[in-house]
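Per-entry structural report
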Amino acid sequence: MTIRKLWFLLGTVLFVAFFILGFFGREVYRQAPPIPKIVVTTNGQALMDENSILDGQQVWQSIGGQQIGTIWGHGAYQAPDWSADWLHREATTMLNLLGIERHGTEFDELTEDKRAGLRALVQSEMRKNTYDSKTGTVTISSLRAKAIAQTAEHYIGLFGADEKYDGLRNAYALHKEAVPDPKKRQLLTHFFFWTAWACATERPGKNVTYTNNWPHEPLIGNHPTSSNLLWSILSIVFLIAGVGGLVWYKAFKTNQENSVQAPIRDPFDGLQLTPSMKAVWKFAAVVIGLFALQVGLGALTAHYTVEGNAVFGLPVADYVPYVISRTWHVQLGVFWIATAFLGAGLFLGPAAGGKEPRFQRAGVNLLFVALVIVVLGSLAGEWFSVKQKMSLNTSFWFGHQGYEYVDLGRFWQISLFVGLVLWLVLMVRSLWPALKAQGDSRSLVWLFAGSSGAIGLFYAAGFFYGARTHLTVMEYWRWWVVHLWVEGFMEVFATAAMAFIFSKMGLVKPANATRATLLSTSIFLIGGIPGTFHHLYFTGTPTSIMAIGSTFSALEVVPLALIGFEAWETYRVSKQASWMIAYRWPIRFFLGVAFWNLVGAGLFGFMINPPIALYYMQGLNTTPLHGHTALFGVYGLLALGLTLLVLRRLQPQGVWDERPVAFSFWAMNIGLALMVALSLLPIGLMQAAASIDQGLWYARSAEYLQQPLMQNLRWLRIIGDSIFIMGTASLVWFVVGLRMGWSFEKNKGVDPNLSPVADMGNF
């Protein structure tokens, strides 16, 4: 297929995919669960209203939101899913109240036939939709109002300072007085009730709830729907068909690519380092520093899951509670990976363009300062927010938005977007000569520039919701950022960057690299863009979202089935040239990406992707299983490989002492594998079994997670974590040694004062 036809294919894919995402996004708005203007009892008593529910949503955001427990399955995995937990507690309380009212004793003391009758009454009461669309009123019985009040008392005590909840707080890793203000705690319960109400209440004219019968809760008849099962089966069919089609194309395509011979000399040896390229050293140093900090915070967060609010008896959570350590851990992961991509782009831009634009170095330094301010400012703001030292509105703007991966306050979010726009301007300026030039590499440079633009501009999707935006609508736009930005166009940028690098090295012909990148991008995005909906099955969206999300997201796995072949072919060609030994460890990091792309993004991703699987697994440890192996295994290793490649070209003199890099590579990969095999995978599968048998509330409960076996499995994670930390320390030691001189073989090193690295100190 010609390059022109492939460009047409990519354009068609983008139009069709975004049309689907936008068209069905309209349904997300139209069919979101209503927020009642007022909730009243049958005798006219007002319990809460729209403002109090949205105020409660802001309270939840300010204390960390999705970083402490989950709502509708999205967030952290230590504390309960608050919507599922409320739902079960409210139903249980109603059963007890009914048992006392009708039979003079609590529910558990009754005979099975009497309990069955009470369960039917509670199910009918909780699933019945009493929302009046004309007045915006939800009407409930006085008995249910009493159950709501008793359920609310539990959360008012839990998020306060009541000592009887100390043990439960420790099990949840929830710090004491998470919400010091009693009025705010009451508002928080209003928000929790509404999220549970959407889980239990049937859509008008249908026998499924607003959240498609999620979570699994036998007490009120929440079971998988027929649509859930049907679209799960079809998604597997789509996956098999897609993989089969790709294998057929790979095996029988007629335009086989011509093999290439690696150049005798390193093509990059003729590369003249420009001032802006030298300034990228600071980005590489920050990448390694933030990576090390993130790993340390990850170890702290994991330890909180076994010891609650302490670290070997020390009250560390008094200063850095679980919600803060997890917030910083997640956010720093995005920061250092994005910084690595920004730095690689700034380094490759002048290399592709062939010359240094005026004031490019000043722009690179300005961007660096801006990124440092955003990182430090956002981290500090999140701490002040969680410590409840800001008002609710101030917290959203300068503290904690409460939404995973986009936690930073709106001011810092806007500042980061401005920085990304500045990066895009710097990229286009440096690439402009190559964009205008004729030749086989031109299309590849346009792909590189286009993916840079997508990274810069699609982050703006996070501005389409505010502090009081409906939770369903917020999730739609949040996943535009997380899925399309982190899992979509970063993938395209990485593919284009790698194709450009290998074509410059002479390991692949530019025309072949362009065709392969265009085709793989088209295949990935046709599944990846509409596949955004697979995050939204149970967030108050209609069945159509489940249908689109399950079928298209199954196609995301298709290109991963063969990605290892491309990586291996490049590696095989690279071994033909003796000069490639200088790049062997960056390339091995890229090979690691191919492995974890298949295992982490492919196998573990698809394990939770079909609706029937996610119905039982959403919010369990099967999600961080996929998250760790995909985010670090794919983007993390890729970012580290790109960083090492940039460092190699910034300081081409001398021979690296590669032992620390080799140890780091194997330690991080083995550590990640052990983290999965010894802890995350068995815990996740055991939770899934508990969710199937008894309900999500039980799989996430302290009663289940504090069992000795579960605690032992959590402690076993320390083995993989420790090996991973040693690998991280080895990489930090190596990078520092590039500046200090000890990372070069004896008698083959360089004077750091004569190298581009020396520019780090004076920009």
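Residues numbered from 1 in each chain as written. Predicted model: local features only at pLDDT ≥ 70, side-chain atom pairs only at ≥ 80, totals over all residues. Heavy atoms only, no water.

1. Examining the overall build of the protein chain
- For the protein chain, the count of helices and strands is 26 helices and six strands.
- On C-alpha atoms alone, the protein chain measures out to a radius of gyration of 27 Å, which is about the 27 Å that the 2.2 N^0.38 rule sets for 763 residues.
- Here the protein chain holds 763 residues, and 62% of them are scored as buried.
- For the protein chain, the proportion of contacts with a sequence separation of at least 24, taken over those separated by at least 6, is 77%.
- Total accessible area on the protein chain is roughly 28500 Å²; 64% of this is exposed by carbon and sulfur atoms. (Helix = DSSP H or I, 4+ residues; strand = E, 2+ residues; numbered from the N terminus. Rg over C-alpha atoms; globule rule 2.2 N^0.38 Å. Buried < 20%, exposed > 50% of the residue type's maximum accessible area, 1.4 Å probe, protein only. Contact = heavy atoms within 4.5 Å. Areas by Shrake-Rupley, 256 points an atom, 1.4 Å probe, with all protein chains shown as cover.)

2. A closer look at the layout of surface pockets
- Counted as a void, the second largest pocket has a volume near 310 Å³.
- Taken together, 15 residues make up the lining of the second largest pocket; nearest its centre are His88, Arg89, Thr92, Thr93 and His154.
- Looking at the lining of the second largest pocket, the elements with two or more residues in it are helix H3 (82-103), helix H5 (142-158), helix H6 (166-172) and helix H25 (702-705).
- In the lining of the second largest pocket, the residues fall into four nonpolar, eight polar and three charged. (1 Å grid on protein atoms, 1.4 Å probe; cavity = no way out; pocket = protein on both sides within 12 Å on 5 of 7 lines; lining within 4 Å. Points joined across faces, edges and corners; volume = space filled by probe spheres on them. Nonpolar A, V, L, I, M, F, W, Y, C, P; charged D, E, K, R; others polar.)

3. Some thoughts on the pairing of strand E1 (residues 38-41)
- Judged from the three bridges that link them, E1 and strand E2 (residues 46-49) form a sheet pairing that is antiparallel. Within E2, the position partnered with Val40 by the bridge is Ala46.
- Linking E1 to E2, which pair antiparallel, is a turn of four residues; within it Gly44 sits at a positive phi near 90 degrees. (Pairing = 2+ DSSP bridges.)

4. A look at the packing of H5 against helix H7 (residues 182-200)
- Interaxial distance between H5 and H7 falls to 9 Å at its minimum, and their mutual angle equals 125 degrees. It follows that H5 is oblique to H7 by the angle criterion. H7 is crossed by H5, and the crossing has right-handed handedness. Contacts between H5 and H7 pair Arg144, Ile148, Ala152, Tyr155 and Ile156 from the former with Arg185, Gln186, Thr189, Phe192, Phe193 and Trp197 from the latter.
- Here the contact of H5 with H7 is built from residues that sort into seven nonpolar, two polar and two charged. (Axes fitted to C-alpha atoms, helices over the stretch in contact; angles between N-to-C directions. Parallel < 35°, antiparallel > 145°, perpendicular 65-115°, else oblique. Left-handed = near helix turned anticlockwise from the far one by under 90°.)

5. Looking at the nonpolar core
- Membership of the largest hydrophobic core comes to 243 residues, with the highest contact counts inside it found for Trp82, Phe159, Phe192 and Met505.
- At 23 residues, helix H16 (residues 471-504) tops the list of elements feeding residues into this core.
- Apart from the residues within four sequence positions on either side, Phe192 is in contact with Trp60, Ile71, Trp82, Trp86, Tyr155 and Phe159. (Core = buried A, V, L, I, M, F, W, Y, C linked by side-chain atoms within 4.5 Å.)

6. Some words on the confidence of the model for the protein chain
- Put simply, the protein chain has an average pLDDT of 89, and 93% of its residues get 70 or more.
- Per-residue pLDDT stays below 50 along residues 752-763; that stretch engages in 28 contacts with residues further than four places along the chain or on separate chains. (pLDDT = per-residue confidence, 0-100.)

7. What to know about the sheet that holds strand E6 (residues 137-140)
- Strand order in this open sheet of four strands is E2-E1-E6-E5, and the pairing throughout is mixed. On the outer flanks of this sheet lie E2 and strand E5 (131-132), each paired with one strand and no other.
- Against the sheet, H5 makes contact with E1, E2 and E6, and its axis sits at roughly 95 degrees relative to E6, the strand it touches most.
- Contacting E1, E2, E5 and E6, H7 runs over the sheet at an angle of about 85 degrees to E2.

8. Focus: the side chain of Asn609
- For Asn609, the location among the structural elements is in the loop between helix H20 (584-607) and helix H21 (611-617).
- Among the polar contacts made by the side chain of Asn609, one reaches the side chain of Ser553 at a distance of 3.0 Å.
- Contact partners of Asn609, with chain neighbours within four places excluded, come to His534, Tyr537, Ser550, Ser553 and Ala554. (Polar contact = N/O pair within 3.5 Å; in protein donor to acceptor, adjacent residues only side chain to side chain.)

9. With respect to the packing of helix H15 (residues 442-458) against helix H17 (residues 510-528)
- Across the interface, H15 lies against H17 with an axial gap of 8 Å and an inter-helix angle of 35 degrees. As for how H15 packs across H17, the hand of that crossing is left-handed. In this structure, H15 uses Ser443, Leu444 and Leu447 to contact H17, whose residues at the interface are Ala513, Thr514, Thr517 and Leu518.
- Considering only residue class, the contact of H15 with H17 consists of four nonpolar, three polar and no charged.

10. Some details on the environment of Val306
- Tracing the sequence through the fold places Val306 in helix H10 (residues 281-307).
- Given the relative accessible area of 13%, Val306 is considered buried.
- The contact partners of Val306, leaving out residues within four places of it in the chain, are Gln711, Arg714 and Trp715.

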